[in-house]
Amino acid sequence: GNSVTQMEGPVTLSEEAFLTINCTYTATGYPSLFWYVQYPGEGLQLLLKATKADDKGSNKGFEATYRKETTSFHLEKGSVQVSDSAVYFCALGLNFNKFYFGSGTKLNVKP
Amino acid sequence: DSGVTQTPKHLITATGQRVTLRCSPRSGDLSVYWYQQSLDQGLQFLIQYYNGEERAKGNILERFSAQQFPDLHSELNLSSLELGDSALYFCASSPGDRSTEAFFGQGTRLTVV
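Since we're looking at a predicted model, the values are computed, not measured.

(A) Focus on the interface of chain A and chain B. Tallying the contact residues gives 15 residues for chain A and 20 residues for chain B. The junction of chain A with chain B conceals about 1600 Å² of combined surface from both sides, 56% of it contributed by carbon and sulfur atoms. Counting across the chain A and chain B interface gives 0 salt bridges. Counting the contacts that link chain A with chain B gives 2 residue pairs in polar contact (both at pLDDT 80 or more). Elements with a minimum of two residues in the side of chain A that touches chain B: β5 (32-38), β6 (44-50) and β11 (98-101) of chain A. In terms of residue class, the side of chain A that touches chain B is built from 8 nonpolar, 4 polar and 3 charged.

Quick look at the structure:
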């Protein structure tokens, strides 16, 4: 089947620390991979995406590389800010009409 | 602002009742997706409509139904509500039926008491 597994949170970091949120997937086809972010009280916003193996998605200092050999799409940021505190969802899209989401990882960044 | 509008933002209702959630997609988007986000189940895909037709179905209960109207807005109808239906319901839209990303609304928080 199709599914996404991401590391459980919450993840608590100090400002300017390095962030990694792990995400692995299983898919029956050739998915596109996404990271969405949800700030408190808001909907999900697309953070970055990668549509094929070895693609790197990047946005706002966040990066993730589509690794087909390890079926992974880990999210990284070199220096987090307090404003990055949110819930992060890894997702895969198959045939682009159905998205499968991970359970979400809450990130708390302390000043 | 994603351009996707959901109403109402909050809804409190009693068990056994029926409610309707409304979604207006981004201008020009033909696909609408409905998701349920609950604490124990995470974010679950319910159903997708494309240009008025049902295109994909996920874990949607028989008590739930949806439709997309000619003006492309969509409604999700939840009936015979149970306490376990309390959740955040998101609508998302995308340009086509095979789009590379979806744009989410801010959600409707449903509380069943």
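(B) Quick peek at the nonpolar core. Residues and elements named next belong to chain A. L19, W35, L47, L48, F73, L75 and Y88 are the most contacted members of the largest nonpolar core, which has 26 residues in total. Among the secondary structure elements, those contributing two or more residues to this core are β2 (11-14), β3 (19-21), β4 (23-26), β5, β6, β8 (62-65), β10 (86-94) and β12 (105-110). Per-element accounting of this core gives the leading share, 5 residues, to β10. L48 has contacts with L33, F34, W35, G57, S58, N59, F62, E63, A64, F73 and L75, leaving out every residue within four places of it along the chain.

(C) Structural view of the packing of aromatic side chains. This model, assessed by the stated rule, comprises 12 aromatic pairs over all chains. Look at Y25(A) and Y66(A): their rings are 6.0 Å apart centre to centre, the planes differ by 80°, and that puts the pair in the edge-to-face class. With a gap of 41 residues between them, Y25(A) in strand β4 and Y66(A) in the loop between β8 and β9 (75-77) connect regions that are remote in the sequence. In this pair, the class of Y25(A) matches that of Y66(A), namely buried. Ring pairs connect the aromatic residues F34(A), Y36(A), F89(A), F101(A), Y35(B), F45(B), F90(B) and F104(B), which therefore count as one cluster. Its guanidinium or amino end placed over the ring of F103(B), R26(B) lies 3.7 Å from that ring's centre, counting from NZ or CZ.

(D) Focus on the state of the cysteines. Residue and element names in this part refer to chain B. The full count for this structure, using the stated rule, is 2 disulfides over all chains. Between the sulfur atoms of C23 and its disulfide mate C91 the distance is 1.8 Å. Disulfide C23 to C91: torsion about the S-S bond roughly -55°, handedness left-handed. Of this pair, C23 sits in strand β3 (residues 19-24) while C91 sits in strand β9 (residues 87-94); the two residues are 68 residues apart in sequence, bridging distant segments of the chain. As far as burial versus exposure is concerned, C23 and C91 are alike and both buried.

(E) Inspection of the environment of R63(B) at higher detail. Residue and element names in this part refer to chain B. Counting through the fold element by element, R63 comes out in the loop between β6 (53-57) and β7 (64-68). Counting along the chain gives 15 residues from R63 to L78, while the straight-line C-alpha distance between them is 6.2 Å. Not counting residues up to four positions away in its chain, the partners in contact with R63 are N77, L78, S79, S80, L81, E82 and D85. A distance of 2.8 Å separates the side chain of R63 from the side chain of D85, its partner in a polar contact.

(F) Main features of the sheet that holds strand β1 (residues 5-7) of chain B. Residues and elements named next belong to chain B. Pairing in this open sheet of 4 strands is antiparallel, and the strands run β1-β3-β8-β7 from one edge to the other. One side of each edge strand has no neighbouring strand; the edge strands of this open sheet are β1 and β7. Mean inter-strand twist for the sheet, computed between neighbouring axes without regard to direction, equals 15°. When β7 meets strand β8 (residues 74-78), the two strands line up antiparallel, connected through 5 bridges. Note that in β8 the partner of Q67 across the bridge is E75.

(G) Expanded view of the pattern of salt bridges. Enumeration over the complete set of coordinates arrives at 6 salt bridges over all chains. Across the pair K77(A) and D84(A) runs a salt bridge, and its minimum N-O distance is 2.7 Å. By relative accessible area, D84(A) is classed as buried at 7%. Measuring nitrogen to oxygen at the nearest pair gives 2.8 Å for the salt bridge that ties D29(B) to R26(B). With relative accessibility at 2%, the residue D29(B) sits in the buried group. Residue class for R26(B) comes out partly exposed when judged on its relative accessible area of 22%. Through salt bridges with shared partners, one network takes in R63(B), E82(B) and D85(B).

Conventions we followed
- Residues numbered from 1 in each chain as written.
- Chains lettered and ligands numbered in written order.
- Predicted model: local features only at pLDDT ≥ 70, side-chain atom pairs only at ≥ 80, totals over all residues.
- Heavy atoms only, no water.
- Contact = heavy atoms within 4.5 Å.
- Buried area = accessible area lost by both parts, 1.4 Å probe.
- Salt bridge = Lys/Arg side-chain N within 4 Å of Asp/Glu carboxyl O.
- Polar contact = N/O pair within 3.5 Å; in protein donor to acceptor, adjacent residues only side chain to side chain.
- Helix = DSSP H or I, 4+ residues; strand = E, 2+ residues; numbered from the N terminus.
- Nonpolar A, V, L, I, M, F, W, Y, C, P; charged D, E, K, R; others polar.
- Core = buried A, V, L, I, M, F, W, Y, C linked by side-chain atoms within 4.5 Å.
- Buried < 20%, exposed > 50% of the residue type's maximum accessible area, 1.4 Å probe, protein only.
- Phe/Tyr/Trp six-rings, centres within 6.5 Å; stacked < 30°, edge-to-face > 60°.
- Lys NZ or Arg CZ within 6 Å of the ring centre and 35° of its normal.
- Disulfide = S-S within 2.5 Å.
- Pairing = 2+ DSSP bridges.
- Axes fitted to C-alpha atoms, helices over the stretch in contact; angles between N-to-C directions.

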